Amino acid sequence: MTPTAVHQLVLVASDLAAVSVLVFGVYFPRHHRRDLVASFLGVNVGVLAVAMTLSSASVGIGLGMGLFGVLSIIRLRSYEIAQHEIAYYFSALAIGLLGGLPAEANPLTAAMTALIVAVMYVGDHPRLFPRHRQRSLRLDSAYTDDDALRAHLEVLLGGRVVNLTVRSVDLVNDTTQVEVRYIVSGTPVPQEAGTPAAQDVPA
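Residues numbered from 1 in each chain as written. Predicted model: local features only at pLDDT ≥ 70, side-chain atom pairs only at ≥ 80, totals over all residues. Heavy atoms only, no water.

### Section: helix H6 (residues 146-157)
When the terminal C-alpha atoms of H6 are compared, their 16 Å separation across twelve residues agrees well with the 16 Å that a helix rising 1.5 Å per residue should span. A side-chain oxygen of the first residue of H6 lies 2.8 Å from the backbone nitrogen of Asp147; this N-cap is Asp145. Positive backbone phi, approximately 70°, marks Gly158, located one or two places after H6. (Helix = DSSP H or I, 4+ residues; strand = E, 2+ residues; numbered from the N terminus. Expected span 1.5 Å × (residues − 1). Polar contact = N/O pair within 3.5 Å; in protein donor to acceptor, adjacent residues only side chain to side chain.)

Quick look at the structure:
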């Protein structure tokens with residue numbers, strides 16, 4: 001086996017180890033979406049294969065980075081894909097490029113790969129801002145007063161509202177759709193008697 005083939009096998013093994021930690025050690029235990037496991041692995045291995053092919057064909061690194069640019073502008077249009085899941089997509093993509101573009105294994109590639117996994121581990125850790133929440137709600141009352149809406153949401157959610165965006169107010173059907181970010185209080189505030197209910201709306 002030639003030295004080049006050995007280096008390529010090391011890069012492939014390093015890539016598979018890194019993406020396995022990212023997907024099976026970080027993402028899945030926290031979010032439990034089986035369908036995205038295949039997506040992350042497919043993106044990673046596919047980019048790795050294309051990048052290694054381009055590299056072995058003596059095509060410039062510029063073309064490899066152009067591949068990254070093309071892939072990075074693909075919009076994940078499904079409403080079921082959250083922002084943190086898009087971050088996992090691009091992390092898997094970047095790890096694949098780092099494993100596929102170099103001619104041989106080197107400390108910088110290993111360090112950058114480890115850095116991506118570490119950043120996702122910390123950035124998506126449940127202990128990071130654990131009391132912060134975000135919800136999309138449809139209230140069965142029409143609110144035109146922001147202060148009254150904020151007070152109602154704080155009672156309803158048992159926390160302090162830090163940001164709210166009213167998506168729509170339907171005066172005919174008496175509903176309000178709102179995006180709200182809030183901080184859960186240490187001791188949840190009990191809901192007032194007769195307070196209108198809220199319905200979760202998919203983001």
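Still more ground to cover, so stick around.
### What about the pattern of salt bridges?
Taken as a whole and assessed by the stated rule, the structure comprises two salt bridges. Two residues, Asp35 and Arg33, come together in a salt bridge whose shortest N-O distance is 2.6 Å. Judged by relative accessible area, which is 44%, Asp35 ranks as partly exposed. When its relative accessible area of 18% is taken as the criterion, Arg33 is described as buried. A salt bridge links Arg33 to Glu85; the nearest nitrogen and oxygen atoms lie 3.5 Å apart. (Salt bridge = Lys/Arg side-chain N within 4 Å of Asp/Glu carboxyl O. Buried < 20%, exposed > 50% of the residue type's maximum accessible area, 1.4 Å probe, protein only.)

### Some points on the packing of aromatic side chains
Summed over the entire model, instances satisfying the criterion amount to four aromatic pairs. Where Tyr27 meets Phe40, the ring centres are 4.9 Å apart and the plane angle is 90°; that geometry is what we call edge-to-face. Of this pair, Tyr27 sits in helix H1 (residues 3-31) while Phe40 is found in helix H2 (residues 34-56), placing the two residues 13 residues apart along the sequence. For the pair Tyr27 and Phe40, a shared accessibility class is recorded, and that class is buried. (Phe/Tyr/Trp six-rings, centres within 6.5 Å; stacked < 30°, edge-to-face > 60°.)

### Let's talk about the nonpolar core
As a rule of thumb, soluble globular proteins bury nonpolar side chains together. Grouped together as the largest cluster of nonpolar side chains are 19 residues, with contacts concentrated most on Leu36, Phe40, Tyr88 and Ile95. Elements represented by at least two residues in this core include exactly H1, H2, helix H4 (83-100) and helix H5 (107-123). Setting aside residues no more than four positions away along its own chain, Ile95 makes contact with Asp15, Ala18, Leu22, Asn44, Thr113, Ile116 and Val117. Of all hydrophobic cores here, the second largest spans twelve residues; its members include Leu137, Leu164, Val178 and Val180. (Core = buried A, V, L, I, M, F, W, Y, C linked by side-chain atoms within 4.5 Å. Contact = heavy atoms within 4.5 Å.)

### Things to note about the environment of Ile116
For Ile116, the location among the structural elements is in helix H5. Non-local contacts of Ile116, meaning those with residues more than four positions away in its chain, are made with Ser91, Ala94, Ile95 and Leu98.

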